[in-house]
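# Coordinate inspection notes
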Amino acid sequence: MAGEASSSRQKRQRLKRQRLKRQRLVEEEEGENGGGDVVARSGTLLNLDLLDCPVCFDSLKKTKPIFRCDSGHVACSSCCTKMMNICPSCRHPIGEFRCSIMEKLVEAIVVQREEEEDKEEEEEEEGENGGGTRTKNVDGDVVISEARSGTLFDLNLLDCPVCSNALTSPIFQCDNGHIACSSCCIKLRYRCHSCNFPIGNYRCRRMEKVVKAVIVSCPNAKHGCTETFSYGKELVHEKNCSFYLCYCPAPNCNYSGLYKDLYIHYKSNHMDIENQFVCGRPLCTMWPISEKVFVLQESAAGPLVVLQRFNEPGGWYVTVNCIAPCAPGVGEFSFDLSYSMPAGGDKHTMTFQSSEMNRIHKVSFQSPEEDFMLIPHYFQDPRNSLKMTICIDHLQEDEDLEE
Ligand SMILES: [Zn+2]
Ligand SMILES: [Zn+2]
Ligand SMILES: [Zn+2]
Ligand SMILES: [Zn+2]
Ligand SMILES: [Zn+2]
Ligand SMILES: [Zn+2]
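Everything numeric in this text was worked out from a predicted model, so none of it was measured.

Let's shift gears to the overall build of the protein. In terms of regular secondary structure, the protein is built from nine helices and 23 strands. Counting only residues that meet the buried cut, the protein has 26% of its 403 residues in that class. Put simply, of all contacts in the protein between residues at least 6 apart along the chain, 56% involve residues at least 24 apart.

Quick look at the confidence of the model for the protein now. With 78% of its residues at a pLDDT of at least 70, the protein reaches an overall mean of 83. Per-residue pLDDT stays below 50 along residues 26-38; that stretch engages in 13 contacts with residues further than four places along the chain or on separate chains. Note that residues 119-147 has pLDDT below 50 and, in this model, 22 contacts with residues that lie over four places away or in other chains.

Along helix H6 (residues 205-213), the residues classified as buried are Arg 206, Met 207, Val 210 and Val 211. End-on view of H6: buried residues confined to an arc of 135 degrees, all on one side of the axis. In this structure, the buried residues of H6 make contact with strand S1 (43-45), strand S3 (74-76), helix H3 (100-108), strand S7 (171-173), strand S8 (179-181) and strand S10 (214-217).

In the UniProt entry, the feature "domain: RING-type" (unreviewed entry) is given for residues 53-91. Annotated as 15% helix and 15% strand, the span residues 53-91 places its first and last C-alpha atoms 17 Å apart.

By the secondary structure assignment, Ile 392 is in strand S23 (residues 385-394). C-beta crowding within 10 Å serves as the criterion here: with 23 such atoms nearby, Ile 392 is assigned to the buried category. A C-alpha to C-alpha distance of 7.3 Å links Ile 392 and Pro 282, two positions 110 residues apart in sequence. Here Ile 392 is in contact with Phe 277, Cys 279, Val 305, Phe 333 and Phe 335, once residues within four sequence places are set aside.

This part is about the nonpolar core. Judged by nonpolar contacts, the single largest core of 47 residues is most densely connected at Ala 75, Met 102, Ala 180, Met 207 and Val 214. Per element, the largest residue contribution to this core is four residues, and it comes from H3. Those residues within four positions of Met 102 in sequence are excluded, and the remaining contacts are Leu 60, Ile 66, Val 74, Arg 206 and Met 207.

Bringing unusual backbone geometry into the picture now. In most cases, non-glycine residues show a negative phi, while peptide bonds are predominantly trans. Here the residue pair Ser 169 and Pro 170 is connected by a cis peptide bond, since its omega of -5 degrees sits within 30 degrees of zero. Within the secondary structure layout, Pro 170 lies in the loop between strand S6 (150-152) and S7. At Ser 164, a residue that is not glycine, the phi angle is positive and equals roughly 65 degrees. Positive phi is not limited to glycine here, since Asn 252 has a value of about 65 degrees. Of note, Asn 252 is situated in the loop between strand S12 (246-247) and strand S13 (256-257). On the neighbour-count criterion, Asn 252 (5 C-beta atoms within 10 Å) is exposed.

Pairing within the open sheet is antiparallel, and its five strands lie in the order S5-S6-S1-S10-S11. The sheet terminates laterally at strand S5 (109-111) and strand S11 (228-230), the two strands that pair on one side only. For this sheet, the mean angle separating the axes of adjacent strands, direction not counted, is 30 degrees. Across three bridges, S1 lies against S10 in antiparallel orientation. Within S10, the residue paired with Gly 43 across the bridge is Val 216. Lying over the sheet, H6 contacts S1, S10 and S11, oriented at roughly 30 degrees with respect to S10.

Pairing is antiparallel in the open sheet, where four strands are placed in the order S15-S23-S19-S20. Every other strand in the sheet has two partners, leaving strand S15 (283-288) and strand S20 (349-354) as the edge strands with one partner each. Averaged over all pairs of adjacent strands, the angle between their axes in this sheet comes to 25 degrees, without regard to strand direction. Bridge count for strand S19 (residues 333-340) against S23 is eight bridges, and the pairing is antiparallel. Bridging from a neighbouring strand, Phe 333 pairs with His 394 of S23.

The next point concerns the environment of Phe 229. Relative to the elements of secondary structure, Phe 229 occurs in strand S11. Taking C-alpha positions, Phe 229 is 5.5 Å from Val 216, a pair spaced 13 residues apart along the chain. For Phe 229, the contacting residues outside a window of four places in its chain are Val 216, Glu 234 and His 237.

This part covers the environment of Leu 158. Checked against the element boundaries, Leu 158 lands in the loop between S6 and S7. Assessed through the 22 C-beta atoms surrounding it within 10 Å, Leu 158 is described here as buried. Sequence spacing of Leu 158 and Val 210 is 52 residues, and the spatial spacing of their C-alpha atoms is 8.7 Å. In this structure Leu 158 touches Ala 166, Leu 167, Val 211, Val 214 and Tyr 231, once residues within four positions along its chain are discounted.

Criteria and cut-off values
- Residues numbered from 1 in each chain as written.
- Chains lettered and ligands numbered in written order.
- Predicted model: local features only at pLDDT ≥ 70, side-chain atom pairs only at ≥ 80, totals over all residues.
- Helix = DSSP H or I, 4+ residues; strand = E, 2+ residues; numbered from the N terminus.
- Buried ≥ 20, exposed ≤ 12 C-beta atoms within 10 Å, placed from the backbone.
- Contact = placed C-beta atoms within 7 Å.
- pLDDT = per-residue confidence, 0-100.
- Arc of directions from axis to C-beta.
- UniProt positions renumbered as here; feature names shortened; annotations may be inferred.
- Core = buried A, V, L, I, M, F, W, Y, C linked by C-beta atoms within 7 Å.
- Pairing = 2+ DSSP bridges.
- Axes fitted to C-alpha atoms, helices over the stretch in contact; angles between N-to-C directions.

The structure is reproduced here in structure tokens:
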């Protein structure tokens, strides 16, 4: 009973995570075309041999069910029978436990020229395969095993069904064929999330190979990035990809684009000459109290720096962020911010420094948990504008590199 309750809770959490993932995709698209279609992502499997039975080399798709031994080898059902349920690779029993994830995967992968291959395979099906030699391409058709590739549209199959992260080796499976990543096996105390059977002993090696062999493009490919990665690694790159969309910080402007285009857009549509900064030079500004967001731009259509003020119980939180992708060489700044009370004098000035300004893609109105200057109530300016001085500079390391 307890197992059922916890597994349904996990299922709900999983669904929630998947919904969030989809939502994120939609949001990304909205910036561009005002809430249009979600672009389906897909992966390419270059090594299609992984979809064949390693004993008879027939397509596993045609010979389901797929079985696995305790060492993680797979075989089609007819091979299991032929081999008297002994795995030819490790001599462990095979034929009792199914490898459900591979069954789903071979169904989901769309292989080009599949029909042609099927015909050939049928013609040659008669031959003996005992020795493990490939009989497929004997008949003069050279192309087959080389240039084949398959497309996987349902990339969720490559995610751990428990934590929804991209699967990485080792991948474990229970006797009912459910899978989980190694950290989930530990978290679930080696009990399957879906059937409560033990999990964590038996690896799903075929799946481990598939996960490594699926190539996906950067999620920003639609914006011009041409890099490709094995599944899961693209998310690490995405955070540092210079093609990540950036959003215009001007109120009521829905523009989004690559950072360079955004900077040009901002300069030609919203720029106030007084709010331009030059690196290394202090800029004195009067920040209207009615505005929660205050934007500065480096001269000559350079990066945008956004000052934000949040009303919190403890006072005002002031943040300084650069709108830029976290790519090397873009928007890497340090800053020095000071705020003065109208009475003036040193005692009425507070300062805040950062050796590295945070970079964001979009202005967020969620109040910050760190990296902010706190202006307590008793220090707040009763006038209509806040007197702030900010000095923005390139990161020190940068200058060293450039010499
Ligand atoms: Zn087989
Ligand atoms: Zn085996
Ligand atoms: Zn997991
Ligand atoms: Zn299970
Ligand atoms: Zn990229
Ligand atoms: Zn704009």
